[in-house]
Amino acid sequence: MRWISPLILMMILLAPVSAVEMLDFSVNVAKAYPDEERTERLSIIVMALSQALNKTPSLSAEDVWRKVEKLISWQNDDGGWGYFYGSISSVPDTGYALIGLKYAYEAFKNEPEKREEIRVAILNGIRYLERAFSGNGWGYLPGMIPDYRSTLLASAALTLLGEDLDLVRRAYPIIKEKLPSDPYLLHLWITVAYNMEGKIPEESLKHFGNQEGAMALEAYTLLSLKGLDFQTALLLAELEEYRHNWTDKYYPLYSTMAFSLVSENVVGPSEDKLKKVCTILEASQNDDGGWGVYVGSPSSASVTYFVLDSLRICNPMSEAVKRGLEYMRGIYKRDMEEIKFDKYLRQSYLFALLSLLEYRNLTYSEREEAKSLILSSFWGDKFGKQPLITALAIKALTMLGVPKTDKVIEENLDWLMEMKENGGWGFIFETDLSSWYFAPMYPETTVILYLIKDLVRPNDVQDVVEYVKDNPPRQAWELLSAYLTLKEMGINQSIEVEIQEPGKSPLYDSFLVKYYTVNPEVPRVNIYTVISKFRNSSVKIISTDPGLSTIVAKGLENVLSANTSIRLTELIRIPESGDYILIYPVGRVDVSRYNSDVKIYIRAGHLTLNGVPLSGDGTLIIIPGRNRDGELLFVLYRGEGYKDIANLIFNSPILKYLHGKAVIASWVDTNKDGKVQVEELSVKFL
């Protein structure tokens, strides 16, 4: 008999608790178990590892598939499996194999070819059991008198697969009145009984015993049939204490099964989209230090302005910024001399000036010189006074310290309002022979609105807003610009943004940086992922409720060994980075932005979370979320008794095993004593 390497086992057993989660720990041990060429052992390994797939980084699909493929290869031509590879098919071993493949089929749902291979093996195995049925049960081999163990394993396999339940009902009397002594078989017996009778035979749970393997199977059985509750959480917590003292090498397999059911699919941190676009922006800089509309196109002062404005978010001290400002200073000096000569104020000069002002890259004398130059120049070109140049000049003057109430600012803002046509601005073309005004036009309208939005009243540009909303631009960068401008103005909008892959247009990428800043595009996340991240780490709590915050902090410190700090404040803005717990009344926080799977609505006067009513005398809701590079946990409350509910959850072992999209804990004061008791608490995992 081959056993697991003592050295490997000792290395795993002696791993520091803080460095490995229970599922990771169990999986690492389970992966190394030898199957000893026995179908029973290999099938249980397949069952355990299949349920753990995608729920721990310690297990790869290849690890699981090797075991599954091996189990399929042991199938005989008659569809059954034998005691060991190559032996004659038997009913109990076929039952073991089908149970294992049932979970493998579910694990490989996203791999059609592998799933089809598993499906065919399962169908052939079911046909073997159908042929082996002896009228009222199953014997060890087809044609034999039915016996307890063979009937139990065949019944369990068909029950779990949802096949031939009529045969199971006919065979049920053989196993109904007797409980098996083996914990794994007891789990199967309870599963069959539950499906035949519609309830868990509570007395049967007492027969699992106190060994750690039996406790793992009891927890697994309860989790499979009832879900997580306080009783099961206590079992899991006690089971963790045995990680250094396994008395049987099979027990980590059962532990893997149990902890797989409280571990959600691994949701890794999202790709840092903002960092990616920032890196691409810097790399797309031209040799002269500027940026063009498209990668490799000639540099433009206007494009470089928008890129530099976004790089202030990325890294204002980067080498790319330094070179970009040098490029803009060159434009600034060149255009300044030309403006002094012909008195026409130029767009390129103003864009360069704005960048230098935003980066505080001008001396006092240079600022005064720029102010004087703008005020003494014509705000247009040889074709006439231009709306875009006027908007740029107004923006520059305000940044140079000219008050918004200054006559020059007010008169030119009034002129811009007068030049609106059908809700937008455009380009003026005037000669001695003719005069045209091409408006409204993109991008003039969106850029002008962006430049003056803080200088005008909302009513003054309402027609512009309607034009932008009703006539969304076609170019991707203009669409992002319009979306961001309206969002900054606090205007509800119907503009739908479809994100494109960055790297083609620095102009588009510059607006994409800002988009990711205000919309982190948070991926789906689950509570178990967040709780696991909080273990042995530092977490900040933000709330207005000191009592509830203290309860949550104490639980995190005692149960998860987390370091916590509390800041009591009204929530102004959810932090975009770092790990936080946000504790506020229901309705105070829009969680959907940070977890797209969760929606809280008021329907017919009642609050619902994903359609589940938030009822009861008191409710505590726990919702996971993710910002750009950190984990969030929203703890929302309403009604009475929410602090006692929080104490029961956050200061008990159940905290470690919370999972799902959200947890809703509702309290109904059934005995009318005003106190929250466990039996009055309903906990739902979504």
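Up top is the structure.
Notes on the structure in this doc start here.

So, how was this worked out
- Residues numbered from 1 in each chain as written.
- Predicted model: local features only at pLDDT ≥ 70, side-chain atom pairs only at ≥ 80, totals over all residues.
- Heavy atoms only, no water.
- Helix = DSSP H or I, 4+ residues; strand = E, 2+ residues; numbered from the N terminus.
- Rg over C-alpha atoms; globule rule 2.2 N^0.38 Å.
- Buried < 20%, exposed > 50% of the residue type's maximum accessible area, 1.4 Å probe, protein only.
- Contact = heavy atoms within 4.5 Å.
- Areas by Shrake-Rupley, 256 points an atom, 1.4 Å probe, with all protein chains shown as cover.
- Lys, Arg positive; Asp, Glu negative; His and termini not counted.
- Charge placed at Lys NZ, Arg CZ, Asp CG, Glu CD.
- Axes fitted to C-alpha atoms, helices over the stretch in contact; angles between N-to-C directions.
- Parallel < 35°, antiparallel > 145°, perpendicular 65-115°, else oblique.
- Left-handed = near helix turned anticlockwise from the far one by under 90°.
- Nonpolar A, V, L, I, M, F, W, Y, C, P; charged D, E, K, R; others polar.
- Salt bridge = Lys/Arg side-chain N within 4 Å of Asp/Glu carboxyl O.
- Pairing = 2+ DSSP bridges.
- Right-handed = clockwise from strand over helix to strand, strands pointing away.
- Disulfide = S-S within 2.5 Å.
- Core = buried A, V, L, I, M, F, W, Y, C linked by side-chain atoms within 4.5 Å.

Our next topic: the overall build of the chain. Per the secondary structure count, the chain includes 26 helices and 16 strands. Computed over its C-alpha atoms, the radius of gyration of the chain comes to 34 Å, more than 25% above the 26 Å expected for a compact globule of 686 residues. Dimensions of the chain, computed from the C-alpha atoms along their principal axes, are close to 110 × 65 × 50 Å. Per-residue burial for the chain yields a buried fraction of 54% across its 686 residues. A fraction of 67% describes how many contacts in the chain between residues 6 or more apart in sequence connect residues 24 or more apart. Accessible surface, the chain: about 30,300 Å² in total, of which carbon and sulfur atoms supply 50%. The average position of the 73 basic charges and that of the 89 acidic charges among the side chains of the chain differ by 1 Å.

The next subject is the environment of glutamate 326. As for its position among the elements, glutamate 326 is in helix H15 (residues 319-342). For glutamate 326, a relative accessible area of 51% translates into the label exposed. As for glutamate 326 and asparagine 361, which are separated by 35 residues in sequence, their C-alpha atoms are 10.0 Å apart.

When two helices pack together, their arrangement is captured by the angle between the axes and the distance separating the axes. At a closest axis distance of 8 Å, the pairing of helix H10 (residues 212-225) and helix H12 (residues 251-260) adopts a crossing angle of 25°. Looking at the two axes, H10 sits roughly parallel to H12. Viewed along their axes, H10 and H12 form a crossing whose handedness is left-handed. Touching Glu212, Gly213, Ala216, Leu217, Ala219, Tyr220 and Leu223 of H10 are Tyr251, Tyr254, Ser255, Met257 and Ala258, all from H12. Of the residues that constitute the contact of H10 with H12, the class distribution is nine nonpolar, two polar and one charged.

Let's shift gears to the pattern of salt bridges. Here the structure, examined in full by the defined rule, presents 28 salt bridges. A salt bridge links aspartate 309 to lysine 514, with the shortest nitrogen-to-oxygen separation between them at 2.4 Å. Separated by 205 residues along the polypeptide, aspartate 309 in helix H14 (residues 301-314) and lysine 514 in helix H23 (residues 506-518) bring together distant segments of the chain. As far as the burial class goes, aspartate 309 and lysine 514 line up, both buried. Among the ionic pairs, arginine 334 bridges to aspartate 335, the shortest N-O distance being 2.9 Å. Residue classification places arginine 334 among the partly exposed residues on the basis of a relative accessible area of 44%. Judged by relative accessible area, aspartate 335 falls into the buried class, the value being 1%. Bridged by salt links that share partners, the residues Lys31, Asp63 and Arg66 form one connected network.

Strand order across the open sheet formed by seven strands is E8-E7-E9-E14-E13-E15-E16, with mixed pairing between neighbours. A strand with exactly one partner marks an edge of an open sheet, and here the two such strands are strand E8 (563-568) and strand E16 (681-685). Each adjacent strand pair in this sheet contributes to an overall mean axis angle of 15°, direction not counted. Relative to strand E9 (residues 580-585), strand E7 (residues 538-543) is paired through four bridges, and the arrangement is parallel. Each bridged residue has a counterpart across the sheet, and for isoleucine 541 the counterpart in E9 is isoleucine 581. In the packing of helix H24 (residues 527-534) onto the sheet, contacts are made with E7, E9, strand E13 (618-626), strand E14 (631-639) and strand E15 (663-667), and the angle to E14 comes to roughly 115°. Each of E13, E14, E15 and E16 is contacted by helix H26 (residues 642-650), which is oriented at about 55° to E13, the strand it contacts most.

Quick look at the pairing of E8 now. In this sheet, E8 lies alongside E7 in parallel orientation, the contact comprising six bridges. By the bridge assignment for E8, lysine 540 is matched with serine 565. A crossover connection joins E7 to the parallel E8 through helix H25 (residues 546-559); in handedness this β-α-β unit is right-handed.

The next subject is the state of the cysteines. Scanning the entire structure with this criterion turns up one disulfide. Each sulfur in the disulfide pair cysteine 278 and cysteine 314 lies 1.8 Å from the other. Across the S-S bond linking cysteine 278 and cysteine 314, the dihedral sits near -70°, which makes this disulfide left-handed. Of this pair, cysteine 278 sits in helix H13 (residues 273-283) while cysteine 314 sits in helix H14, and the two are 36 residues apart along the sequence.

Another aspect to go through is the nonpolar core. Ranked by internal contacts, the top residues of the largest apolar core, which has 125 residues, are Val68, Trp138, Tyr184, Leu556, Ile581, Ile649 and Phe650. Excluding residues within four positions of it along the chain, phenylalanine 650 makes contact with Ile551, Val552, Gly555, Leu556, Val559, Leu620, Ile622, Val635 and Leu655. Residues Tyr332, Leu400, Val456 and Tyr516 belong to the second largest nonpolar core, which totals 83 residues.

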